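Read off the chains here:
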Amino acid sequence: DDKNGIIATEEGIKRLADDLEILSNASLDLEHINKIPSVLIIQGTEDRIVWPERAEDLKDSIPGSSLAMVDGADHGLPFTHYSRCIDLISDYIKEK
C-alpha cells in the first residue's frame, strides 16, 4: 500500500522490526555524556519510538542538561521541524 509516497515491503518491515528490537534492548552509557559540560535534548511530543517520558528521564540523568519539547513532532523531527530545531540550538548556544 502506498501512503504518503512510502511503499511498505516485506523486507522493509523486517528491517524496521529488527531495528526496533535493537532499540528496545539498547542502553545509554551516561558516563561519557556526563563529561560534556552542556547538553540540549530536543524531543518531539508525538515521538512513538523514543517516548517523551524517556527524554524527561534522560534530562534528569544528565546534570545541567536542558530539554526542549517540540509540539506535534515525531521521531523524524530534525527533518519535519528543521527550522524549529535550528532555532532551539541557536538559542541554546547563545545562552551558553
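As a reminder, the structure under discussion sits directly above these lines.
Presented here is an overview of the structure given in this document. (Residues numbered from 1 in each chain as written. Predicted model: local features only at pLDDT ≥ 70, side-chain atom pairs only at ≥ 80, totals over all residues. Heavy atoms only, no water.)

**Comments concerning the pairing of strand β4 (residues 66-70)**
In this structure, strand β3 (residues 40-44) lies alongside β4, joined through five bridges in parallel fashion. From the neighbouring strand, Ile41 faces β4, where its bridge partner is Leu67. Crossover handedness for the path β3 to helix α3 (residues 52-61) to β4: right-handed. (Pairing = 2+ DSSP bridges. Helix = DSSP H or I, 4+ residues; strand = E, 2+ residues; numbered from the N terminus. Right-handed = clockwise from strand over helix to strand, strands pointing away.)

**A closer look at the pattern of salt bridges**
Considering all chains together, one arrives at four salt bridges under this definition. Lys14 is the partner of Asp18 in a salt bridge, and the nearest nitrogen-oxygen pair spans 3.0 Å. Taken together, the residues span about one helical turn, with Asp18 and Lys14 both in helix α1 (residues 10-24) at a distance of four residues. With a relative accessible area of 37%, Asp18 lands in the partly exposed category. The salt bridge involving Glu46 is made with Arg48; its shortest N-O contact spans 3.4 Å. Here Arg48 falls in the partly exposed class, since its relative accessible area comes to 44%. (Salt bridge = Lys/Arg side-chain N within 4 Å of Asp/Glu carboxyl O. Buried < 20%, exposed > 50% of the residue type's maximum accessible area, 1.4 Å probe, protein only.)

**What to know about the side chain of Asp47**
Tracing the sequence through the fold places Asp47 in the loop between β3 and α3. Here Asp47 occupies a buried position and makes no salt bridge, while the nearest side chain of opposite charge, Arg48, is found at 6.6 Å. Among the polar contacts listed, one links the side chain of Asp47 to the backbone nitrogen of Ile49, at a separation of 2.7 Å. A polar contact of 2.8 Å, which involves the side chain of Asp47, links it to the side chain of His75. Ignoring sequence-local partners within four residues, the contact set of Asp47 consists of Pro52, Ala73, Asp74 and His75. (Lys, Arg positive; Asp, Glu negative; His and termini not counted. Polar contact = N/O pair within 3.5 Å; in protein donor to acceptor, adjacent residues only side chain to side chain. Contact = heavy atoms within 4.5 Å.)

**Let's talk about the environment of Ala68**
In this structure, Ala68 sits in strand β4. Counting along the chain gives 25 residues from Ala68 to Gln43, while the straight-line C-alpha distance between them is 6.3 Å. Each residue touching Ala68, except ones within four places of it in the same chain, is listed here: Leu40, Ile41, Ile42, Gln43 and Leu88.

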